[in-house]
Amino acid sequence: MKMRKKRAVSMRTVLVIMLFVIGVVPMFIQGRLMVTTLKQNQIESMTLEIQNQCLILSNRLTQAGYLADDVTDTILDSQMDVVSDMFSGRIVIVDRDYRIIRDTFGLAEGKYHVSEEVVRCFSGESSNKYNKEKHYLIQTFPIYALESQGKIDGVMVVTASTEGILSLADMVGEKIVLFEVMSLIIIVMGILAAERLYLKPLRRFQQALKRTAGGNVEEEIMVDTYKETKEMSTAVSQAFTKLREMDNSRQEFVSNVSHELKTPITSIRVLADSLMAMEDAPVELYREFMNDISDEIDRESKIIDDLLSLVKMDKSAAETMNITQVDIYGLLELILKRLRPIAQKRNIELTLERVRDVVADADEVKLSLGLSNLVENAIKYNREDGWVRVTLDADHKFFFIKVADSGIGIPEEFQTRIFERFYRVDKARSRETGGTGLGLAITKNVIEMHRGTIRVQSVEGEGTVFSVRIPLTYIP
Ligand code: ADP
């Protein structure tokens, strides 16, 4: 299967993007919005102002009968000039015939002004329009006749430049941009500071890990700048401690193996050497020594066999499980039949009881080896004329096997250690009975491979009970 490598994103990138989105983007949007609103407000208030002035002017024009008379009214003319100057614009008065009778610019008098707005204004609809590109406002306003109410005699068209107010808004806009640039600088500095504050400890952590990976396993990894880094450091340290322990135990195992394998060889060497040193030793002596040598060779091969079993029963080799439906009582019967001759030698009574018949998922070969070790120990570490009782029981989930004996028992302080590899309570006795110290380690592994548990209860000098519990159905 092809593995796709996921590209990791740097925390720094995430930090920069985050601060940018949170800090810079809203700031720029707000700045633009402020300028736009300012412009709109200014234009709106200018429109209102123009409409006000138009109303006043239009009333005055009506009062003065400006449109009716042909005479020019200088006061009104100058007032119009003042108003148009006020908006830096132009006022044009159009009469009923669409003829311009007054233009504050004095350019179009006598000409005709027929535009959509003017026509609409004569029907009573005053309008205002803002030309964005050219920056000016156009406002039309009706001038009513004096005599008859509601009759429109003329239209006032006011054009006003918005240049002035827009330049004000632009000035404010410039100030805002300046403010934004300064804020941007502050944010960038903030990002750099945050980077230092947050990522530095992580980087230190990473470097410490790298040094460890490079072989400096004794170095303590502790970055306690933050609670999180401290917790992470503690977790990693614990993992390393565990690994070191595992490494130590492996080394210890290897040195134990070497020692155990050497012991029989040393004996063989001593036996052979002493035979060779003797000149014309009798044949009987040769036979006796050769017997001893043969025993030592048996022992050596037993240790090797047990070691191989142990490696095979390693919990990590769980995929080698060959699970079938096994009749557990039948299996126990077979084990006891095989061991009965050894028991009979010391007149030990060997019994098997079942409370319930059990058929369970198990690896028959492995389970048989594991249980054999228990029964064999019960015989080996027993007294003359003692007894060994094996019982089988089950509930709806598990089956239980008990191996009880009337033997020498195991002192309380050793009960947790007997499952260790090569551990023997009484070295000499174990050697005498051909023990390797691996039997219970193998048994424990086998039971754990079946997802079961094993417990020991013992009273020194009275006897021992090993209790095994294994699920009826195998959990892979
Ligand atoms: P060994 O090959 O020495 O029997 P085991 O791993 O089977 O190794 O057992 C470890 C030690 O536990 C034995 O050396 C013995 O001291 C003790 N032991 C095991 N089973 C019993 C028992 N039924 N009664 C008393 N001691 C026991």
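Computed from a predicted model, the values in this text were never measured in an experiment. (Residues numbered from 1 in each chain as written. Predicted model: local features only at pLDDT ≥ 70, side-chain atom pairs only at ≥ 80, totals over all residues. Heavy atoms only, no water.)

Asks: I keep staring at the overall build of the chain and nothing clicks. Help me out?
Replies: Helices and strands together make up the secondary structure of the chain, namely 10 helices and 12 strands. The C-alpha radius of gyration of the chain comes to 53 Å, more than 25% above the 23 Å expected for a compact globule of 476 residues. With the principal axes as the frame, the chain shows a C-alpha extent of 165 × 55 × 40 Å. Taken over 476 residues, the chain has a buried fraction of 38%. Counting contacts in the chain only where the partners sit at least 6 residues apart, residues at least 24 apart contribute 65% of the total. With the model as given, the accessible surface of the chain reaches about 29,600 Å², and the carbon-plus-sulfur share is 57%. (Helix = DSSP H or I, 4+ residues; strand = E, 2+ residues; numbered from the N terminus. Rg over C-alpha atoms; globule rule 2.2 N^0.38 Å. Buried < 20%, exposed > 50% of the residue type's maximum accessible area, 1.4 Å probe, protein only. Contact = heavy atoms within 4.5 Å. Areas by Shrake-Rupley, 256 points an atom, 1.4 Å probe, with all protein chains shown as cover.)

Asks: Would you take a moment to explain the environment of Lys380 for this structure?
Replies: In this structure, Lys380 sits in helix H8 (residues 364-380). Its relative accessible area of 15% is what places Lys380 among the buried residues. Apart from the residues lying within four places of it in its own chain, the contact partners of Lys380 are Arg346, Arg429, Thr433 and Gly435.

Asks: I tried to follow the pairing of strand S10 (residues 398-405) on my own but got confused; where do I start?
Replies: On any regular strand, side chains alternate: one points to one face of the sheet, the next to the other face. Of all eight residues making up S10, six are buried, and the element is well covered by its neighbours. Bridging between strand S9 (residues 387-394) and S10 involves seven bridges; their strand directions are antiparallel. Note on S10: the bridge partner recorded for Val388 is Asp405. In this structure, the hairpin formed by S9 and S10 is closed by a connection of three residues. Pairing of S10 with strand S12 (residues 463-471) involves eight bridges; the strand directions are antiparallel. Bridge pairing links Phe399 to Ile470 in S12. (Pairing = 2+ DSSP bridges.)

Asks: Help me understand the domain arrangement of the chain, please; the structure alone is not making it clear to me.
Replies: Interface size is commonly expressed as the accessible area that is lost once the parts come together. Partitioning the chain into structural domains gives domain 1 (17-168), domain 2 (220-319) and domain 3 (324-471). Here domain 2 and domain 3 have C-alpha centroids that lie 24 Å from each other. The partner domain 3 presents 17 residues to the 21 residues of domain 2 that form the contact. For the domain 2 and domain 3 pair, buried surface summed over both sides reaches about 1,700 Å², with 62% attributable to carbon and sulfur atoms. Applying the counting criterion to the domain 2 and domain 3 interface returns one salt bridge. Measuring nitrogen to oxygen at the nearest pair gives 2.6 Å for the salt bridge that ties Arg424 to Glu260. Where domain 2 touches domain 3, the interface holds three residue pairs in polar contact (both at pLDDT 80 or more). Elements represented by at least two residues in the side of domain 2 that touches domain 3 include exactly helix H5 (227-277) and helix H6 (283-312). The dominant element in the side of domain 2 that touches domain 3, judged by the number of residues it contributes, is H6, at nine residues. Here the side of domain 2 that touches domain 3 is built from residues that sort into eight nonpolar, five polar and eight charged. (Domains from an automatic or database assignment. Buried area = accessible area lost by both parts, 1.4 Å probe. Salt bridge = Lys/Arg side-chain N within 4 Å of Asp/Glu carboxyl O. Polar contact = N/O pair within 3.5 Å; in protein donor to acceptor, adjacent residues only side chain to side chain. Nonpolar A, V, L, I, M, F, W, Y, C, P; charged D, E, K, R; others polar.)

Asks: Please clarify how the packing of helix H7 (residues 328-345) against H8 should be interpreted in this entry.
Replies: For any two helices packed against each other, the geometry is given by the interaxial angle and the distance between the axes. Orientation of H7 relative to H8, taken along the N-to-C sense of each, is 40 degrees, at an axis distance of 10 Å. As judged from the angle between their axes, H7 and H8 are oblique. Crossing of H7 against H8: the hand is right-handed. Residues Ile328, Leu331, Leu332, Ile335, Leu336, Arg338, Leu339, Ile342 and Ala343 of H7 lie in contact with H8, whose contacting residues are Glu364, Leu367, Ser368, Leu371, Ser372, Val375, Glu376 and Ile379. When its residues are assigned to classes, the contact of H7 with H8 shows 12 nonpolar, two polar and three charged. (Axes fitted to C-alpha atoms, helices over the stretch in contact; angles between N-to-C directions. Parallel < 35°, antiparallel > 145°, perpendicular 65-115°, else oblique. Left-handed = near helix turned anticlockwise from the far one by under 90°.)

Asks: I tried to follow the site of the ligand on my own but got confused; where do I start?
Replies: Surveying the vicinity of the ligand reveals 21 residues, the closest of which are Tyr381, Ser430, Thr436, Gly437 and Leu440. The contact in question runs from an oxygen atom of the ligand to an N or O atom on the backbone of Val425, over 3.1 Å. At 2.8 Å from an oxygen atom of the ligand is found a main-chain nitrogen or oxygen belonging to Leu440. Computed on the free molecule, the ligand has an accessible area of 530 Å², of which 98% lies beneath the protein chains in the complex. Counting residues per element, the ones that place at least two in the shell around the ligand are H8, helix H10 (439-449) and S12. Broken down by element, the shell around the ligand gets its largest block of residues, three residues, from H8. Residues that form the shell around the ligand fall into these classes: 10 nonpolar, eight polar and three charged. (Near = heavy atom within 4 Å.)

Asks: Even after reading the chapter, I still don't get a positive patch on the surface, so can you show me in this structure?
Replies: Together, Lys397, Lys402, Arg455 and Arg469 make up a positively charged patch on the protein surface. If you trace the backbone, Arg469 turns up in strand S12. In this structure Arg469 comes out as partly exposed when scored by relative accessible area, which is 34%. (Patch = residues over 30% accessible without salt bridge, like charges linked within 9 Å, V, L, I, M, F, W, Y side chains within 5 Å. Lys, Arg positive; Asp, Glu negative; His and termini not counted. Charge placed at Lys NZ, Arg CZ, Asp CG, Glu CD.)

Asks: It is not clear to me how the side chain of Ser84 should be interpreted in this structure. Could you clarify?
Replies: If you trace the backbone, Ser84 turns up in helix H2 (residues 74-86). Those residues in contact with Ser84 that sit more than four places away from it in its chain are Gly89, Arg90, Ile91 and Thr104.

Asks: Could you clarify how one ought to interpret the sheet that holds strand S1 (residues 89-95) in this entry?
Replies: Backbone-to-backbone hydrogen bonds pair the strands of a sheet. The strands run either parallel or antiparallel. With antiparallel pairing, the five strands of this open sheet are ordered in space as S2-S1-S5-S4-S3. In the strand order of this sheet, the two ends are held by strand S2 (100-103) and strand S3 (128-131), each with one partner. Here the strands of the sheet are splayed against their neighbours by 15 degrees on average, with no regard to which way each runs. Pairing analysis gives four bridges linking S3 to strand S4 (residues 136-144), with the strands arranged antiparallel. Among the inter-strand pairings, Lys129 is bridged to a residue of S4, identified as Ile138.

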